[in-house]
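Next come the chains, spelled out residue by residue.
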Amino acid sequence: MSEIVSDADLKFLIENLDQEHHDNEKWEHVIDKRNTVLSYNAKCCKPKDGPLKYLSETVFENCSPEMLRDFYMDNDYRKKWDKTLVEHEQLQVDRTNGVEIGCTIKKFPLLTPREYILAWRLWEGKDRTFYCFIKECEHPSTPRQKKYVRARFFRSGWRIRKVPGRNACEIKMFHQEDAGLNVNIAKLAFAKGIWSYVCNMDNALLKYSAVSHPHSAVTAVTLIQKVPPALDTVEGITSPATAFHRQITNEPKEKKFIRRPSRKFLANGLLFVGGAICLSRGHTSLGAKVAMAYILAKLSKRGNTSDQSRES
């Protein structure tokens, strides 16, 4: 168990968050939204040898790094605001290095529930900077069941740190998952639904910060590790929008769909995007893609109905 999530995974996460060795990758801007208490932006790229990658930055006002860390890791509280989360169970904790394994069940309309067997680990670095890395794994207590579709490939992680000079925190996330869906359709669903999800998360964070949440169980949070000195570097934080636009090069033009669904229909279909990519420890990352699958099913039915009406 000690080798499931290692310092090598932390190094991999930091390199991806800082975009080291990404000179040959073309990143495409996906979304940039903000209001008086919240800002969010994301971009993505399609590597030659793997599934789609996402990078996102979210800045929450009026919170501490510790509060934001605890909020992201609190699965009991997540059940109160993330409507896709059906069940979460802690399977095992390694008290020597803080690796935690858990099973999460997600349910989405019209689709078989998804099962995630994931391992994660937290680190604390300089200046109250926190890291978390999550990856798929197997566990003897959870054999595969036909009633669930188990996630196969999953690499996700985040870095939380304070924004200098402000009562605000930034969380930057990396996410890569093989969901087996069309890349352009998944990006469209994500772009349409993610901002509402982030706003909902901000409201949940506000309520979470208003009450005390003592750590009553042994988890990866209570067993947090120190970042190895060789990896513990803290760079200055720039404006999320500035940083993202500076790093996006050769952005392709937006592709036009022959028959694009209405904004109202897309919005209604994406109300249940409880797991937009690059959010909340990665457990809910399939939500945006599943939302699009649901929308496509509805569109297909509507298209068939229209065709039959014309033939009549």
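Keep in mind it's a predicted model, so treat the numbers as computed, not measured.

**A look at unusual backbone geometry**
Backbone geometry at Asn62 places phi at a positive 60 degrees, although glycine is not the residue there. Relative to the helices and strands, Asn62 resides in the loop between β3 (53-61) and α2 (65-73). The class of Asn62 is exposed, set by a relative accessible area of 56%. We note that Arg128 has phi near 55 degrees; this positive angle belongs to a residue other than glycine. Examined against the element boundaries, Arg128 turns out to sit in the loop between β6 (114-124) and β7 (130-136).

**Thoughts on α2**
Across the nine residues that make up α2, a large majority, seven, are buried. Along α2, the residues classified as buried are Pro65, Leu68, Arg69, Asp70, Phe71, Tyr72 and Met73.

**A closer look at the confidence of the model for the chain**
Within the chain, residue pLDDT values average 78, and 71% of them lie at 70 or more. Under a pLDDT of 50 for its full length, residues 293-312 has, in the predicted model, 17 contacts with residues more than four places off or in other chains.

**Brief notes about helix α1 (residues 7-17)**
Those residues of α1 that sit buried are Asp9, Leu10, Leu13, Ile14, Glu15, Asn16 and Leu17. A positive phi of about 60 degrees marks Gln19, the residue just after α1.

**As for the packing of aromatic side chains**
For the structure on display, the rule yields 11 aromatic pairs. Summarising the aromatic geometry, the rings of Phe12 and Phe133 are spaced 6.0 Å apart at their centres and angled 85 degrees between planes, so their arrangement reads as edge-to-face. Placement of the pair is Phe12 in helix α1 and Phe133 in strand β7, with a sequence separation of 121 residues. What makes Phe12 partly exposed here is its relative accessible area of 30%. Among the aromatic residues, those joined into a ring-pair cluster are Phe71, Tyr72, Tyr77, Trp81, Trp158, Tyr197 and Tyr208. Its end group placed over the ring of Trp27, Lys43 keeps NZ or CZ at 5.3 Å from the ring centre. The aromatic ring of Phe130 is capped on one face by Arg69, whose charged end is 4.7 Å from the ring centroid.

**A word on the environment of Lys172**
Take Lys172: it is sitting in strand β10 (residues 168-177). For Lys172, a relative accessible area of 6% puts it in the buried group. Spatially, the C-alpha atoms of Lys172 and Thr58 are 6.5 Å apart, while their sequence positions differ by 114 residues. Every residue in contact with Lys172, bar those within four places of it in the chain, is listed here: Leu17, Ser56, Glu57, Gly157, Trp158 and Arg159. A polar contact of 2.6 Å, which involves the side chain of Lys172, links it to the backbone oxygen of Leu17.

**Side note on the pattern of salt bridges**
Think of it this way: side chains of opposite charge can pair up when their charged atoms draw near. Under the criterion given, the structure shown has 17 salt bridges. The partner of Arg150 in a salt bridge is Glu115, with the nearest N and O atoms 3.0 Å apart. Linking Arg150 in strand β8 (residues 149-150) with Glu115 in strand β6, this pair joins segments that are 35 residues apart in sequence. On the basis of relative accessible area, Glu115 is assigned to the buried category, the value being 2%. One salt bridge in this structure joins Glu136 and Arg155, with 2.3 Å as the shortest N-O distance. Placement of the pair is Glu136 in strand β7 and Arg155 in strand β9 (residues 154-162), with a sequence separation of 19 residues. Accessibility expressed as a relative area gives 18% for Arg155, which makes it buried.

**Comments concerning the side chain of Asp70**
Here Asp70 lies in helix α2. Setting aside anything within four residues of it in sequence, one finds Asp70 in contact with Tyr208, His215 and Val221.

**Some remarks on the pairing of strand β2 (residues 38-45)**
Taken across its eight residues, β2 has eight buried, putting it largely inside the fold. Because side chains alternate across β2, one face comprises the buried residues Leu38, Tyr40, Ala42 and Cys44, and the other comprises Ser39, Asn41, Lys43 and Cys45, equally buried. Adjacent in sequence and paired antiparallel, strand β1 (residues 28-34) and β2 are bridged by three residues.

What counts and what doesn't
- Residues numbered from 1 in each chain as written.
- Predicted model: local features only at pLDDT ≥ 70, side-chain atom pairs only at ≥ 80, totals over all residues.
- Heavy atoms only, no water.
- Helix = DSSP H or I, 4+ residues; strand = E, 2+ residues; numbered from the N terminus.
- Buried < 20%, exposed > 50% of the residue type's maximum accessible area, 1.4 Å probe, protein only.
- pLDDT = per-residue confidence, 0-100.
- Contact = heavy atoms within 4.5 Å.
- Phe/Tyr/Trp six-rings, centres within 6.5 Å; stacked < 30°, edge-to-face > 60°.
- Lys NZ or Arg CZ within 6 Å of the ring centre and 35° of its normal.
- Polar contact = N/O pair within 3.5 Å; in protein donor to acceptor, adjacent residues only side chain to side chain.
- Salt bridge = Lys/Arg side-chain N within 4 Å of Asp/Glu carboxyl O.
- Pairing = 2+ DSSP bridges.

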